[in-house]
Amino acid sequence: MTTIGFIGLGNMGGPMTTNLLKAGYEIKAFDIVPELLEKSVAEGATACNSAAEAAVDVDVLISMLPASLHVEGLYLGDDGILGNIDPKTLVVDCSTIAPGSARKVSEAADEKGISMLDAPVSGGVGGAVAGTLTFIVGGAALALERARPLLEIMGKNIFHAGNTGAGQVAKICNNMLLSVLMTGTAESLQLGVDNGLDPAVLSEIMKKSSGGNWALETYNPYPGVMSGVPSANEYEGGFLVDLMIKDLGLAMESALDTGASTPMGSLARNLYISHGKDGYGRKDFSSIQRVFTRVTAKK
Ligand code: NAD
């Protein structure tokens, strides 16, 4: 039986461990928040007193932490856990972090003979609970095949994006495009409404025309057009504006690193930052609709 070390039991890591435990895997778990650790132990995980303890005597070590700083802090430096990990253990970091950070940690792992994958996810907390996440993996194909049975328990789609760091690059490219699509969709819907159109009728027309896109198909930002989406519930739940701002920041960092031109991503980031400052940081990212509604309301 495969034993798993799992570090980071937050909104995403918590339900991911629940699904692994349900599938019968043994988990050595750790989080710096004791309540989260207790919850996992109540579900059948073994509590560890430190990240280093969760990283030993396991076949696979998974981490799900907030950002680059936390991942580098966990694995690297004098206090980093890479020194404790047996080279037979496969390391899978599922956090969304800068591609440069992912490469730095993987290269340090490689120097110690440890295989490491970057495997950020898409699908949000709902996907983590339902076990339907999309894993976007960077690293060696053989290492991915070792991780696949576990990823298939936590997710539905598993993509190999390329070498180390490629998972993170693909994830931030997708989220940058998503931010642009959502902002453009909200802007167009408001233009139609301001000119007397019904947003539901306009959505149907654009869905079947050349402006059709994922936001119109499954995540309409205009309240009242679709049920069961955040716009139908005061933009509660879903994917937070704060997280979109974080991912757009990673996209800008990567653009600076390589000299890529990202004018649309940069504009979307600025819009989301000012929207967050208006008190929407903890709302779903489709609430960007309110930016355009507010302009109309002021007239
Ligand atoms: P979260 O803040 O809820 O969870 C992170 C957990 O890591 C926390 O419980 C925290 O206590 C723990 N932690 C931090 N440093 C630690 C350390 N050194 N040792 C042990 N535990 C430590 O965040 P989340 O929503 O679960 O997101 C995790 C990652 O997944 C992020 O990179 C995020 O961008 C990405 N992501 C989130 C979503 C989402 O909808 N929440 C969707 C896709 C991807």
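Note that the structure is a prediction, hence the values are computed from the model and not measured.

A. Representation of the site of the ligand in the model. Close to the ligand lie 21 residues, the nearest being Asn11, Met12, Asp31, Pro66 and Lys246. Within the side chain of Asp31, a nitrogen or oxygen atom sits 2.7 Å from an oxygen atom of the ligand. Lys246 is positioned such that a nitrogen or oxygen atom in its side chain is 2.8 Å from an oxygen atom of the ligand. Compared with its free state, where it exposes 830 Å², the ligand has 85% of that area covered by protein. When atoms are counted within 2 Å of each cavity's grid points, the one that captures over half of the ligand is the largest pocket. Elements with a minimum of two residues in the shell around the ligand: α6 (124-130) and α11 (241-258).

B. Spatial organisation of the domain arrangement of the chain. Partitioning the chain into structural domains gives domain 1 (3-162) and domain 2 (169-298). Taking only C-alpha atoms into account, the centre of domain 1 sits 30 Å from that of domain 2. Around 780 Å² of area is buried between domain 1 and domain 2 when both sides are counted, 65% of it from carbon and sulfur atoms. Among the residues of domain 1 in contact with domain 2, Thr96, Pro99 and Ile136 are the three that bury the most area, contributing 50% of the side total. The tally of links between domain 1 and domain 2 comes to zero salt bridges. In this assembly, domain 1 and domain 2 are joined by three residue pairs in polar contact (both at pLDDT 80 or more). Of all the secondary-structure elements, those providing two or more residues to the side of domain 1 that touches domain 2 are α5 (99-111) and β7 (121-122).

C. The side chain of Thr96, seen in detail. Within the secondary structure layout, Thr96 lies in the loop between β5 (90-93) and α5. Assessed through its relative accessible area of 12%, Thr96 is described here as buried. Apart from the residues within four sequence positions on either side, Thr96 is in contact with Pro66, Ala67, Pro120, Gln168, Lys171, Lys246, Asp247 and Leu250.

D. The side chain of Ser203, seen in detail. Residue placement: Ser203 occurs in helix α9 (residues 199-207). When its relative accessible area of 2% is taken as the criterion, Ser203 is described as buried. Of the polar contacts made by the side chain of Ser203, one reaches the backbone oxygen of Pro199; its length is 2.7 Å. Ser203 has contacts with Leu189, Leu216, Asn220 and Val225, leaving out every residue within four places of it along the chain.

E. Just the pairing of strand β4 (residues 60-63), in detail. Alternating positions in β4 separate into two faces, Val60 and Ile62 on one and Leu61 and Ser63 on the other, with burial throughout. Summarising the sheet, strand β1 (residues 3-7) and β4 pair through four bridges and their orientation is parallel. Across the sheet, the residue bridging to Ile7 is Ser63, located in β4. One ladder, built from four bridges, connects β4 with β5; its direction is parallel. When the sheet's bridge partners are listed, Val60 is paired in β5 with Leu90. Handedness of the crossover joining β4 and β5 through helix α4 (residues 68-75) is recorded here as right-handed.

Thresholds applied
- Each chain has its residues counted from 1, following the order in which its sequence is written.
- Only residues with pLDDT of 70 or above have their local features reported here, since the model is predicted, and side-chain atom pairs are shown and tallied only from 80 upward, although totals for entire chains, interfaces and linings are computed over all residues.
- Water and hydrogen atoms were dropped before computing side-chain values, which therefore reflect all heavy atoms in the structure.
- Consider each residue's heavy atoms; a residue with any of them within 4 Å of a molecule or strand counts as near.
- Whenever a nitrogen or oxygen atom comes within 3.5 Å of another N or O atom, the pair is scored as a polar contact, on the condition that within protein one atom can donate a hydrogen and the other can accept it, and that pairs from neighbouring residues in sequence are kept only if both atoms are in side chains.
- We get accessible surface area from the Shrake-Rupley algorithm with a probe of 1.4 Å; when it comes to residues, only the shown protein chains can shield them.
- A cavity, in this analysis, means grid points on a 1 Å lattice covering only the protein atoms where a 1.4 Å probe fits yet has no way out; a pocket is instead an open set bounded by protein on both sides within 12 Å along at least five of seven lines, and a residue lines either one if it has an atom within 4 Å of a point.
- Pocket or cavity membership: a molecule qualifies when more than half of its atoms sit within 2 Å of the grid points of that site.
- Under the scheme used here, helices are H or I runs from DSSP no shorter than 4 residues and strands are E runs no shorter than 2 residues, and both carry numbers assigned from the N terminus.
- The start and end points of each domain follow an automatic or database-based domain assignment.
- Accessible surface is computed with a 1.4 Å probe, and the buried area is the amount of it that two parts give up when combined, taken over both parts together.
- The salt bridge definition used is simple: a Lys or Arg side-chain nitrogen within 4 Å of an Asp or Glu carboxyl oxygen.
- Buried residues are those whose accessible area, probed at 1.4 Å on protein chains only, stays under 20% of the maximum for their type, while exposed residues exceed 50% and partly exposed ones sit between those limits.
- The contact rule is simple, with two residues in contact once any of their heavy atoms fall within 4.5 Å.
- Here the rule is simple: two strands pair whenever DSSP picks up at least two bridges between them.
- For a crossover, the right-handed case is the one in which the path from the first strand over the helix to the second runs clockwise, viewed with the strands pointing away from the viewer.

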